[in-house]
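# Structural characterization, general
Each chain is listed here by its residues.
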Amino acid sequence: DSGVTQTPKHLITATGQRVTLRCSPRSGDLSVYWYQQSLDQGLQFLIQYYNGEERAKGNILERFSAQQFPDLHSELNLSSLELGDSALYFCASSAGEGLHEQYFGPGTRLTVT
Amino acid sequence: AQSVAQPEDQVNVAEGNPLTVKCTYSVSGNPYLFWYVQYPNRGLQFLLKYITGDNLVKGSYGFEAEFNKSQTSFHLKKPSALVSDSALYFCAVRDDGAGSYQLTFGKGTKLSVIP
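All of these numbers come straight from a predicted model, not from anything done at the bench.

What counts and how
- Residues numbered from 1 in each chain as written.
- Chains lettered and ligands numbered in written order.
- Predicted model: local features only at pLDDT ≥ 70, side-chain atom pairs only at ≥ 80, totals over all residues.
- Heavy atoms only, no water.
- Helix = DSSP H or I, 4+ residues; strand = E, 2+ residues; numbered from the N terminus.
- Polar contact = N/O pair within 3.5 Å; in protein donor to acceptor, adjacent residues only side chain to side chain.
- Contact = heavy atoms within 4.5 Å.
- Salt bridge = Lys/Arg side-chain N within 4 Å of Asp/Glu carboxyl O.
- Buried < 20%, exposed > 50% of the residue type's maximum accessible area, 1.4 Å probe, protein only.
- Pairing = 2+ DSSP bridges.
- Axes fitted to C-alpha atoms, helices over the stretch in contact; angles between N-to-C directions.

### Digging into the side chain of glutamine 38 of chain B
Structurally, the position occupied by glutamine 38 of chain B is in strand β5 (residues 31-38). Side-chain polar atoms of glutamine 38 of chain B contact the side chain of glutamine 37 of chain A, separated by 3.0 Å. Residues contacting glutamine 38 of chain B, with those up to four places away along its chain left out, are Gln37 and Phe90 of chain A together with Gly43, Leu44, Ala87, Leu88 and Phe90 of chain B.

Here you go:
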């Protein structure tokens, strides 16, 4: 158990809908990262927050947004969902940035029908 | 731009034999290198990292990795494979000259240890 929690575990929704994925980092970790894992694209970095501020942006679509709250939990919002958004979404956390290893949550499996 | 390549989609090895999972990287500055393992239906687990110092890095579960700057490689090794090592292995890199804290992951290598 990494100490990172993600809810929900599974999510099934229809095209055009909007969903929110939630992540609680390990106790004391200030950085939160979001990744998308799919068979064809592999593990893609989406976005990073550090102590409430956005720090790095990867291949995140404009339909997707995230935030980190004062209690350090984070939410990833996915809107106008398409079939191609079906994937595993992972949250990871680290104590700081750069040199620190990231600890991954169990993931949220999103299925868009 | 930083990138990492795992040239083998799959590696098969007999139980008890040594294993190697290959990783090469490309950065403009100095590399920070990581190995992670993913078991079915689970998140990634950190195995080891290279930041600076000794080129041979020891990690969890008996794994180690050798940093080779001239060959821009960071291969994962284990002297004696276990069936329980069967999983998906990811190499990741961060370029300290990139001005970003983003990690770039390889496509992953599926390791199968045959009893």
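### So, the pattern of salt bridges
On inspection of all chains with the given rule, the structure shows seven salt bridges over all chains. The salt bridge partner of lysine 58 of chain B is glutamate 64 of chain B, with a shortest N-O separation of 2.9 Å. Close ionic contact of aspartate 85 of chain B with lysine 78 of chain B constitutes a salt bridge, the shortest N to O distance being 2.8 Å. Exposure class is identical for aspartate 85 of chain B and lysine 78 of chain B. Each is buried. Each member of the salt-bridge network shares a partner with another, and the members are Arg63, Glu82 and Asp85 of chain A.

### Let's talk about the sheet that holds strand β3 (residues 19-24) of chain A
Residues and elements named next belong to chain A. One open sheet accounts for four strands, arranged β1-β3-β8-β7; its pairing is antiparallel. The outermost strands of the open sheet, each flanked by one partner alone, are β1 (5-7) and β7 (64-68). Neighbour-to-neighbour, the strand axes of the sheet open up by a mean angle of 15 degrees, direction not taken into account. Strand direction decides the pairing type here: β3 and strand β8 (residues 74-78), joined by five bridges, are antiparallel. Within β8, the residue paired with valine 19 across the bridge is leucine 78.

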